[in-house]
Amino acid sequence: MGSTDGGLLRKFMRKLTSDVEDLDADDLTRDTDKSGAQRACDCRCGDEVTVVGRLRSVELSPKDAAATLEAELFDGTDGVTLIWVGRRRIPGIEPGRRIKVRGRMAIRNGRKVLYNPYYELRQAS
């Protein structure tokens with residue numbers, strides 16, 4: 001068996017024995033590496049960043065509250081909260097959607113946050 005056959009066998013065995021969340025995180029991390037974006041775990045407060053990942057959750061603000069739309073982006077390494085101020089809904093911003101965002105990283109309540117990020121909806125890969 002050649003070295004590439006052993007590598008393929010290892011990958012296959014890992015897929016059979018790994019947790020689905022771990023495999024999804026690996027897939028998202030590969031997408032980040034291919035797109036040239038930063039890994040969320042490496043982003044620091046004040047940095048201008050580009051992050052690629054999948055939206056885990058989207059929360060709409062109630063009618064009687066200030067208009068904000070919050071979403072949690074996960075790139076396989078860490079989560080980033082996306083907050084659009086003045087918006088209650090954005091077409092295409094929904095759980096499970098892959099997205100590329102760009103903005104200045106902030107910290108709120110110990111969590112990484114991007115306020116009003118530029119975004120690009122991505123095709124499922």
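In the block above lies the structure referred to throughout.
So, a few notes on the structure that sits alongside this text. As the structure is a computational prediction, the values presented were derived from the model and not from experiment.

### Some details on the pattern of salt bridges
Here the structure, examined in full by the defined rule, presents five salt bridges. Ionic pairing is found between E48 and R104, a salt bridge with its closest N-O pair at 3.4 Å. Residue E48 is found in strand β1 (residues 48-60), and its partner R104 is found in strand β4 (residues 98-108); the two are separated by 56 residues along the sequence. Here E48 falls in the partly exposed class, since its relative accessible area comes to 41%. The closest approach of N and O atoms between E72 and R111, which form a salt bridge, is 3.8 Å. In this pair, E72 is assigned in strand β2 (residues 68-74) and R111 in strand β5 (residues 111-115), connecting sequence segments 39 residues apart. A relative accessible area of 37% places R111 in the partly exposed class.

### Observations regarding the environment of G96
Considering the arrangement of structural elements, one finds G96 in the loop between β3 (79-85) and β4. G96 gets classed as partly exposed once you look at its relative accessible area, which sits at 45%. In the structure, G96 is positioned 41 residues away from L55 in sequence and 5.2 Å away in space, judged by C-alpha atoms. Not counting chain neighbours up to four residues away, the residues in contact with G96 comprise R54 and L55.

### Observations concerning the packing of aromatic side chains
Under the definition given, this model contains one aromatic pair. Ring geometry for W84 against Y119: centres 5.7 Å apart, planes inclined by 80 degrees, an arrangement best described as edge-to-face. Of the two residues, W84 sits in strand β3 while Y119 sits in strand β6 (residues 118-121), which places them 35 residues apart along the sequence. The exposure class assigned to W84 is buried, which follows from its relative accessible area of 4%.

### Section: the side chain of D75
Within the secondary structure layout, D75 lies in the loop between β2 and β3. The side chain of D75 is buried and forms no salt bridge, while R39, the nearest opposite charge, is found at 6.6 Å. A distance of 2.7 Å separates the side chain of D75 from the backbone nitrogen of A40, its partner in a polar contact. Among the polar contacts made by the side chain of D75, one reaches the side chain of T77 at a distance of 2.7 Å.

### Concerning the state of the cysteines
Scanning the entire structure with this criterion turns up zero disulfides. The thiol of C43 is not disulfide-bonded; the next cysteine sulfur, from C41, is found 7.8 Å away.

Reading the values: the criteria
Residues numbered from 1 in each chain as written. Predicted model: local features only at pLDDT ≥ 70, side-chain atom pairs only at ≥ 80, totals over all residues. Heavy atoms only, no water. Salt bridge = Lys/Arg side-chain N within 4 Å of Asp/Glu carboxyl O. Helix = DSSP H or I, 4+ residues; strand = E, 2+ residues; numbered from the N terminus. Buried < 20%, exposed > 50% of the residue type's maximum accessible area, 1.4 Å probe, protein only. Contact = heavy atoms within 4.5 Å. Phe/Tyr/Trp six-rings, centres within 6.5 Å; stacked < 30°, edge-to-face > 60°. Lys, Arg positive; Asp, Glu negative; His and termini not counted. Polar contact = N/O pair within 3.5 Å; in protein donor to acceptor, adjacent residues only side chain to side chain. Disulfide = S-S within 2.5 Å.

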